[in-house]
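Read off the chains here:
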Amino acid sequence: MEPNFKRISHHKEIEQQEDNDKVKLNKEQLEAINHYNSPLLILAGVGTGKTQTLMSKYSHLLKQGISPQNILAITFTKKAAKEMKLRAQELSGKPLDYSWVGTFHAQSARMLRRDKIFKLVGLKQDFKILEQSESRDYIVRLFRGQKNLKRLFLTYFQEALKEKKSYKKPTMNYSEIQMTLDNLKERCIEIEDDMPNNLTKLEQLVFMNIYEDYQKLLKKENSVDFRDLLFYMYQIFRKFPDILVKNRQQFKYILVDEVQDLNTLQQQWLKLIVGENQNLTCVGDDDQMIYSFRGATGDFILNFEKHFPTAKIIKLEQNYRSTKNILMCANNLIRHNKNRKGKVLWTDKEMGTGINIIREFNTIDEEVIGICNQISKRIQTEEIDLNQIAILSRMNNQARRFENQLILQDIPYQLSSTKKPFLQKFEVKKAHQYLLYLVRPNEDENMIEVLLTLQKIGQITVDKLIEEAKNQNASIHSICEKLTGVIQVLDEEETSNQPQDQSKKKNKNKRGNSTTLENLEQEIRQEYDNNRSIRKSNQEILKKIDPTKIKKQINGGKIKQLKQLLEKRLLFLQDYDEEQMYHNFLKNTKFFDYLKLELSQVGNVEELHRRMIESLEKKKVEDNIPKIKVMTIHASKGLEFDIVYLPFWVQGSVPIHRDGTELEEERRLAFVGITRAKNEVVISMHNEEQFNDRSWYKSKSQFLREMS
Ligand SMILES: Nc1ncnc2c1ncn2[C@@H]1O[C@H](COP(=O)(O)OP(=O)(O)OP(=O)(O)O)[C@@H](O)[C@H]1O
C-alpha cells in the first residue's frame, strides 16, 4: 500500500537570520525554505544561492527536530554532500552520523546494502564498486580471444572514421563502447527489453553483443559499475513494491540539487521514490545544463509542473558571487542562447575589473607555460590564497597539459578528482612500469604489474610466483628465469657484444630517431650497465633456485607467456626492432608526448623516474596545503574561486561544436566557467596549433565577441 502523505502543518517558519548562520537570506530564499506540502522548484540563476538555500532548508528541518533518517538529500558531487553535512551539523548543532546526504550513486549503494537487498539482483555480500578504468578493463576482457567480435566493432569504427572523412587506421575504442553501455543504462534500457528502434548503430552493436555478457561477467566477479548502482535500485523499486513503499515511508522530505542535469534513469529513480510525497524541493538552473552528453535531458526542470501538477516555482535572481563586470559579460554571452527560460540576474556587488584577455601566445605550449609563469609570479608578489585560483579547461586532456608545467615550476596544484592525474592513468602507469621492468626486473613491484597485463596470467598465478619467490629468497623475475629457461646473458658475453651494440646505435641514428628517443635509449642502457653488479649477484641466486615445485603449479600455456615476456625484455636490450616496438607503444599511449616535454627539461631518465614517483608520493603527503585547482569546467560546477583562468579559448576548443543545440550547450559551459569567478577572470588563447610537424592558424573563440 502507498503511504498517505498528509499535509504537515506544524512546520516552524524562519523569519529572519538564524543566529549562527553566516549569510542573511533574502525574501525569496526564505520563502523557499518555508515552503512545504507541495513540490517546489527553486529556479535560480547562477550564484544566486541555490546551494545555500538547499543547505539552509536541510538545516532548518533538522532544527525542527526532524530526524536525518527521514530526509533524503541528493547532491551532484561527493564534495557538495560533504559540505552540506558539515554545514547542517554546524547550524543544527546535531551530529549527522546517519544522514542520507549524498549523490544518487552513493544513496543507491547504501540502499542496496541495507537489508541485503543486493541479493535480489544476484549480488553477494561485499560486492565491489568498480572505478571507470576497472569496468573498462572488463570490457576489454570480453574482447580477448574473440576475433569475430573485434572485427565487428573494428568495422564499425572504420565506417565511423570514413564518415568523418578520416582515413586513420581504426582502433578499438573501448572507452566509447563503455560510454555507450552507460548510456543504455541511463536511458533505462534493460537487457531483457526488445531492442528499441531509436538506437544508434554503435548502441545496437553494444546492446546485441556486449551488454548481457558484460553484466554476467560483473556479477560473476561480484562487482558493479557506477551506473549499475542506480539501475539496480531502479529495477528493485519497480519489481518489489514493498521495498519501494518502505523507502517512501522513510523519506518524508526529499531535497535535490542541480536538477537541470538529471538523466532519464535519475529522473525515473527519483519519481519512483517521491511517489505522492509533497515535500520535494528541487533546485536548478536551465542556463547551467551541461551534461547532455551524459544523457541529461533538461526535461525535469523545463517541465516540472507537468511532472508535479501541484508544484510551486520560486525564482532566485540576485547573484551574490561575481562583480558587476563579470556578471555583465556572462549575461551578454548566455543571451545568445534561444532555448532558455530566461532570468534577469543582478548584483549589488562592486563593478570590479573587466575580464582580462591574453592574446599573446603563439602555441599551446607557450600558453601553458605563460599562464603558469603568471601564476607563479603572482604567488610571489601578491597575497593570494592558492585555493582561490582555478584553471578551468574545456577538456580533460587540456587540464592535464598544465600538470607537467606546474610540477616543473613547483606550484602546488590539485587536479580534478573526477579524473585520474596523467601519471596515474592506467596505460601510462603500465608504460612506466614496463619501462622500469626493462631495466630493473628484480624489483617485484614492477614485475607484478607487468605480469598482470599478460594474457592467461592472473592474480592466482602471480600469487603463486610471489610465494615461491619468498620461499626461495629470490626475486619473482629470477623465479621466472628459472621456470622458463630464459636467462640473461653473462657479463663476459655482453662485453664481447659491445662493438655490435655500437654498430646498432649507429644504425638507429641513420633511421632518424629524435634526440629524445636516443636519450631514452641511452639512459636505459646506462642504467642496465650500472646494474651489472646487481645482475652478477643475481646469477648466484639463480643457481640456487629449485624450480621443481613451482613448475608443477603453473601450466605450460602460462609458462609460454612468461617466456615470451622474458625473451622480449632480452630482445629489447639487444635488438633494435624490439626497441622500436616499445617506442611505438609509448607513442600510442601519449606517454611519449609527456617524455618529450619532460626529458627536454629534466635531462635524464633516472631523474624522470625520480620525479614521477616523487610527484605521486608528494600528492599523498601534501593533501592539506593550499593548492591551485586545475579541472574541467564540467567539474567546476557549483564551485567558486576568487580568480579563474580560462585557457584555450579558440574556435574548435571553446566552443568545440559550432552549431545547433550543441553550440548552445558549449555556450552554457563557457557561461559556467566565467561565473565561477568572484573577482577576476583571465581568458587566454594561442595563434596556432601543431601536429606531426604541421601547424595551422587558430581563430579566437566566437564567445569573446558575444560577451562584449
Ligand atoms: N542571501 C545571501 N546573502 C549573501 N550571500 C549569499 C546569500 N545567498 C548566497 N550567498 C553567497 O553567494 C555565493 C553563491 O552561493 P551558492 O554557491 O549557494 O550559489 P548557487 O546558486 O548554488 O551557485 P551556482 O549557480 O554556481 O551553482 C556563496 O558565496 C554564498 O555564500
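Residues numbered from 1 in each chain as written. Predicted model: local features only at pLDDT ≥ 70, side-chain atom pairs only at ≥ 80, totals over all residues. Heavy atoms only, no water.

An unreviewed UniProt entry lists the protein under the name DNA 3'-5' helicase, with Stylonychia lemnae as the source organism. Its UniProt record gives the protein the following Sequence similarities (unreviewed entry) comment, quoted word for word: "Belongs to the helicase family. UvrD subfamily." (UniProt positions renumbered as here; feature names shortened; annotations may be inferred.)

S.K.: Looking at this structure, how should I read helix α15 (residues 324-334)?
M.R.: For an α-helix, 3.6 residues make a turn, and residues three or four places apart therefore share a direction. Most of α15 sits out of view: nine of its eleven residues are buried. Inspection of α15 places Asn325, Ile326, Leu327, Cys329, Ala330, Asn331, Asn332, Leu333 and Ile334 among the buried residues, and these make up the whole buried set. Looking at the buried positions of α15, the neighbouring elements they touch are α30 (660-674), β14 (677-686) and α31 (702-707). (Buried < 20%, exposed > 50% of the residue type's maximum accessible area, 1.4 Å probe, protein only. Helix = DSSP H or I, 4+ residues; strand = E, 2+ residues; numbered from the N terminus. Contact = heavy atoms within 4.5 Å.)

S.K.: Even after reading the chapter, I still don't get the nonpolar core, so can you show me in this structure?
M.R.: Within soluble globular proteins, side chains that are nonpolar generally end up buried alongside one another. In terms of nonpolar packing, the biggest core is built from 68 residues, with Phe153, Trp269 and Leu270 touching the most fellow members. With eight residues, helix α10 (residues 226-239) is the largest single contributor of residues to this core. Two domains each put at least three residues into this core: domain 1 (27-120 + 240-318) and domain 2 (129-221). Core analysis: the second largest hydrophobic core is formed by 36 residues, Ile290, Leu639, Trp649 and Val672 among them. (Core = buried A, V, L, I, M, F, W, Y, C linked by side-chain atoms within 4.5 Å. Domains from an automatic or database assignment.)

S.K.: Whenever I open this one, the sheet that holds strand β1 (residues 40-44) confuses me. Can you help?
M.R.: Taken in spatial order, the six strands make up an open sheet running β3-β2-β6-β7-β1-β8, and their pairing is parallel. Here the strands that pair on one side only, and so sit at the sheet edges, are β3 (100-102) and β8 (312-316). The mean inter-strand angle of the sheet, taken between neighbouring strand axes irrespective of direction, is 10 degrees. Bridge count for strand β2 (residues 71-74) against β3 is three bridges, and the pairing is parallel. (Pairing = 2+ DSSP bridges. Axes fitted to C-alpha atoms, helices over the stretch in contact; angles between N-to-C directions.)

S.K.: Help me understand the packing of helix α7 (residues 174-186) against helix α9 (residues 211-220), please; the structure alone is not making it clear to me.
M.R.: Relative orientation and spacing of two packed helices are given, respectively, by the angle between their axes and the distance between those axes. α9 packs onto α7 with a crossing angle of 90 degrees between their chain directions and a minimal axis gap of 11 Å. Taken together, the axis directions place α7 and α9 in an arrangement best described as roughly perpendicular. Here Leu181, Leu184 and Lys185 of α7 come into contact with α9, specifically with Tyr211, Tyr214 and Gln215. Considered class by class, the residues forming the contact of α7 with α9 number four nonpolar, one polar and one charged. (Parallel < 35°, antiparallel > 145°, perpendicular 65-115°, else oblique. Nonpolar A, V, L, I, M, F, W, Y, C, P; charged D, E, K, R; others polar.)

S.K.: How should the side chain of Gln388 be read in this particular structure?
M.R.: The topology assignment puts Gln388 in the loop between α16 (364-381) and β10 (389-393). The contacts of Gln388, once residues within four sequence positions are left out, are Glu640, Phe641, Asp642, Ile643 and Lys678.

S.K.: Which parts of the structure should I look at to understand the environment of Ile364?
M.R.: Tracing the chain through its elements places Ile364 in helix α16. A relative accessible area of 14% means that Ile364 is categorised as buried. When the C-alpha positions of Ile364 and Arg401 are compared, they lie 9.2 Å apart, and in sequence the two are 37 residues distant. Excluding residues that lie within four positions of it along the chain, Ile364 makes contacts with Arg401, Phe648, His686, Glu688 and Glu689.

S.K.: Please clarify how the packing of α16 against helix α17 (residues 396-408) should be interpreted in this entry.
M.R.: Two elements in contact, α16 and α17, have axes whose closest approach is 10 Å; the angle formed by their N-to-C orientations is 50 degrees. Taken together, the axes of α16 and α17 lie oblique to each other. Here α16 and α17 pass one another in a crossing that is right-handed. Here α16 contributes Ile364, Asp365, Val368, Ile369, Ile371 and Cys372 to the contact with α17, which in turn contributes Arg401, Phe402, Gln405 and Leu406. (Left-handed = near helix turned anticlockwise from the far one by under 90°.)

S.K.: I tried to follow the site of the ligand on my own but got confused; where do I start?
M.R.: Neighbouring the ligand are 19 residues; Lys50, Thr51, Arg321, Glu640 and Arg676 lie closest to it. One nitrogen or oxygen atom from the main chain of Gln52 is found 2.9 Å from an oxygen atom belonging to the ligand. Between an oxygen atom of the ligand and a side-chain N or O atom of Gln288, the distance comes to 2.8 Å. Burial of the ligand by the protein amounts to 85% of the accessible area it has alone, namely 640 Å². The element best represented in the shell around the ligand is helix α2 (residues 50-63), accounting for three residues. Of the residues contributing to the shell around the ligand, the split by class is four nonpolar, ten polar and five charged. Formed jointly, the shell around the ligand draws a minimum of three residues from each of two domains, domain 1 (27-120 + 240-318) and domain 3 (327-412 + 625-707). (Near = heavy atom within 4 Å. Polar contact = N/O pair within 3.5 Å; in protein donor to acceptor, adjacent residues only side chain to side chain. Areas by Shrake-Rupley, 256 points an atom, 1.4 Å probe, with all protein chains shown as cover.)

S.K.: Looking at this structure, how should I read the pairing of strand β12 (residues 628-632)?
M.R.: On any regular strand, side chains alternate: one points to one face of the sheet, the next to the other face. Taking burial as the measure, the five residues of β12 include five buried ones, the bulk of the element. Burial along β12 is two-sided: Ile628, Val630 and Thr632 and Lys629 and Met631, pointing in opposite directions, are all buried. Relative to β12, β10 runs parallel, the two sharing four bridges. Paired with Leu392 across the two strands is Met631, which belongs to β12. Of the pairings in the sheet, the one linking strand β11 (residues 413-415) to β12 comprises three bridges and is parallel in character. Across the sheet, the residue bridging to Gln414 is Lys629, located in β12.

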